[in-house]
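# A closer look at the structure
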Amino acid sequence: DAGVIQSPRHEVTEMGQEVTLRCKPISGHNSLFWYRQTMMRGLELLIYFNNNVPIDDSGMPEDRFSAKMPNASFSTLKIQPSEPRDSAVYFCASSFEVKDTQYFGPGTRLTVL
Amino acid sequence: GQQLNQSPQSMFIQEGEDVSMNCTSSSIFNTWLWYKQDPGEGPVLLIALYKAGELTSNGRLTAQFGITRKDSFLNISASIPSDVGIYFCAGQSEIRGSQGNLIFGKGTKLSVKP
């Protein structure tokens, strides 16, 4: 069975550009999570959805970040405009229900120059 | 906010050695999880603990959920080269509305002794 799929795996962009990260959760999972990983702050939850509805976005750093889940099999995390401090690895994870085990995707390594 | 203190930050292992790492928190969690992350990959779940005092094994890995619900440890027995990587603890809150929030430790990096 396919795990969580993320694209792109690597993204290099210039400051000020819009960046869109994509995630396809495991089929049948109702909850989807976006995390950011940096050396300084470790793994941080940005936002999570349950049944396509955002439940907690308190981890989203600022208004430049937005996330959507238009259907059960697709989610996007958008940064507009991007800044060098947004450089990090962004992970998507999904679980059957909110409290259940979260399975992580391979991540997108974002570099903003 | 909730924070986890994971130690040690890094350690070197020689094949065959036992390894121990732990996490402590100022808050109570109702679930403790241990993940391993290899370079270029996402974290993979190793062990999940759901009850205070619970001791669970997965092959050479053993983890325990502390009685106070504020700590957990992970032991690896007879380490092998493929054990290298970064190990993360994570706690899941019992607070309604926050049950999806996993709080992660900063990780313990396991390397092979030169």
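Residues numbered from 1 in each chain as written. Chains lettered and ligands numbered in written order. Predicted model: local features only at pLDDT ≥ 70, side-chain atom pairs only at ≥ 80, totals over all residues. Heavy atoms only, no water.

## Overview of the sheet that holds strand 6 (residues 55-58) of chain B
Note on sheets: strands pair through backbone hydrogen bonds, and any given pair is parallel or antiparallel. Residues and elements named next belong to chain B. Convention followed: Strand pairing is assigned whenever DSSP identifies at least 2 bridges connecting the two strands. Numbered from the N terminus, helices here are DSSP runs of H or I no shorter than four residues, and strands are runs of E no shorter than two. In this analysis an axis means a line fitted to C-alpha atoms, helices contributing only their contacting stretch, and an angle means the value between N-to-C directions, from 0 to 180 degrees.
Reading across the sheet, the five strands line up as 1-3-8-7-6 and stay open at both edges, with antiparallel pairing between neighbours. Because the sheet does not close on itself, it has two edges, and the strands there are strand 1 (4-7) and strand 6. When the angles between neighbouring strand axes are averaged without regard to direction, this sheet yields 15°. Pairing of strand 7 (residues 61-65) with strand 8 (residues 71-76), which is carried by five bridges, proceeds in the antiparallel orientation. Paired with alanine 63 across the two strands is leucine 74, which belongs to strand 8.

## A few points about the environment of Ser66(A)
All names here are of chain A. As a reminder, the rule being used: Contacts are assigned to residue pairs with any non-hydrogen atoms lying within 4.5 Å of each other.
Positionally, serine 66 belongs in strand 7 (residues 65-71). Taking the C-alpha atoms as reference points, serine 66 and leucine 46, 20 residues apart in sequence, are found 9.8 Å from one another. When near neighbours in sequence (up to four residues on either side) are disregarded, serine 66 contacts Met60, Thr76, Leu77 and Lys78.

## Quick word on the packing of aromatic side chains
Operational definition: Two aromatic rings from Phe, Tyr or Trp, using only the six-membered ring of Trp, form a pair when their centres are within 6.5 Å; if the ring planes differ by under 30 degrees the pair is stacked, by over 60 it is edge-to-face, and anything between is tilted. Only protein chains enter the area calculation, which uses a 1.4 Å probe; residues under 20% of their type maximum are buried, those over 50% are exposed, and those in between are partly exposed.
Summed over all chains, the structure comprises nine aromatic pairs over all chains. A ring pair is formed by Tyr35(B) and Phe104(B), whose centres lie 5.7 Å apart and whose planes are at 50°; its orientation type is tilted. Remark: Phe104(B) occurs in strand 10 (residues 102-104) and Tyr35(B) occurs in strand 4 (residues 31-37); sequence separation between them is 69 residues. Assessed through its relative accessible area of 0%, Tyr35(B) is described here as buried. On the accessibility criterion, Phe104(B) (8% relative accessible area) is buried. Taking the centre distance of 6.3 Å and the plane angle of 85° together, the rings of Phe88(B) and Phe104(B) count as edge-to-face. Taken together, the residues span a long stretch of sequence, with Phe88(B) in strand 9 (residues 85-92) and Phe104(B) in strand 10 at a distance of 16 residues. Across the pair, Phe104(B) and Phe88(B) agree in class, each one buried. One aromatic cluster in this structure is built from Tyr35(A), Phe91(A), Phe104(A), Tyr35(B), Phe88(B) and Phe104(B).

## Considering unusual backbone geometry
For the peptide bond that leads from Ser7(A) to Pro8(A), omega is -10°, which places it in the cis range. Assignment of secondary structure puts Pro8(A) in the loop between strand 1 (5-7) and strand 2 (10-13). Backbone torsion omega between Ser7(B) and Pro8(B) reads -5°, so that peptide bond is classified as cis. As for its placement among the helices and strands, Pro8(B) is situated in the loop between strand 1 and strand 2 (10-13). Even without being a glycine, Arg69(B) presents a positive backbone phi close to 70°. Along the chain, Arg69(B) turns up in the loop between strand 7 and strand 8. You can call Arg69(B) partly exposed: its relative accessible area is 26%.

In short, geometric facts, not functional conclusions.
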